[in-house]
Amino acid sequence: MVNNNLSEVRKDKGLTQEELAEKSGISRVTIANIERGAVTNLKISTMLSLANALDSTVEEIFLPR
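Residues take numbers from 1 onward in each chain, read along the sequence in its written order. A pLDDT threshold of at least 70 governs which residues receive local features in this predicted model, and a stricter bar of 80 or more applies before side-chain atom pairs are shown or counted, although totals over entire chains, interfaces and linings include all residues. Each side-chain value is worked out from all heavy atoms of the structure, with water and hydrogens disregarded.

Novice: Can you help me understand helix α2 (residues 17-24) in this one?
Specialist: Count 3.6 residues to each turn of an α-helix, and residues three or four apart come out pointing the same way. Of the residues making up α2, those classed as buried are Gln 17, Leu 20, Ala 21 and Ser 24. Considered in projection along α2, the buried side chains sweep an arc of 105° and stay on one side of the axis. Facing away from the buried side of α2 by more than 90 degrees, the exposed set consists of Glu 22 and Lys 23. Where the residues of α2 are buried, they touch α1 (6-12), α3 (28-35) and α4 (44-53). A run of H or I in DSSP counts as a helix once it spans at least four residues, and a run of E counts as a strand once it spans at least two, with each numbered from the N terminus. Gly 25 sits one or two residues past α2 and shows a positive phi near 80°. Per-residue accessibility, obtained with a 1.4 Å probe over protein chains only, is compared with the maximum for each type, and a residue is labelled buried under 20%, exposed over 50%, and partly exposed between these values. For this quantity, the arc is that covered by the directions from the helix axis to the C-beta atoms. Contacts were defined at the residue level, with two residues in contact if any of their heavy atoms lie within 4.5 Å.

Structure (structure tokens):
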């Protein structure tokens, strides 16, 4: 399971999963799966796309706090 803060960071930025999907080019279903921990192996490109869309860093989103 991937430990992540994606949901928290997304909500802090005031975005829905759909809005993040549009900004990042990652599907809403994939974002939902990442947020609930159902994705066990994320590509670096996916993490970078999400971080860029959230004006954040991969570390902030995907490293434990």
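Novice: What is the right way to read the pattern of salt bridges from this model?
Specialist: Oppositely charged side chains are able to pair whenever their charged atoms sit close together. In what follows, salt bridge is the name for a side-chain nitrogen of Lys or Arg lying within 4 Å of a carboxyl oxygen of Asp or Glu. Applying the stated criterion across every chain yields a total of 1 salt bridge. The residue Arg 10 makes a salt bridge to Glu 35 at a minimum N-O spacing of 2.6 Å. Here Glu 35 lies in helix α3 and Arg 10 lies in helix α1, a separation of 25 residues in the sequence. An identical accessibility class is assigned to Arg 10 and Glu 35; each is buried.

Novice: Could you clarify how one ought to interpret the environment of Asn 52 in this entry?
Specialist: Position of Asn 52 relative to the elements: it lies in helix α4. Of the residues examined, Asn 52 reaches a relative accessible area of 60% and is grouped as exposed. For the pair Asn 52 and Lys 13, spaced 39 residues apart in sequence, the C-alpha separation works out to 12 Å.

Novice: What exactly am I supposed to notice about unusual backbone geometry here?
Specialist: Excluding glycine, residues mostly have negative phi values, and the peptide bonds linking residues are mostly trans. The phi angle at Asp 55 is positive, at roughly 50°, despite the residue not being glycine. Structurally, the position occupied by Asp 55 is in the loop between α4 and α5 (58-62). Relative accessible area serves as the criterion here: at 67%, Asp 55 is assigned to the exposed category.

Novice: What should I look at first to understand the environment of Val 39 in this one?
Specialist: The topology assignment puts Val 39 in the loop between α3 and α4. Assessed through its relative accessible area of 18%, Val 39 is described here as buried. For the pair Val 39 and Gln 17, spaced 22 residues apart in sequence, the C-alpha to C-alpha distance is 16 Å.

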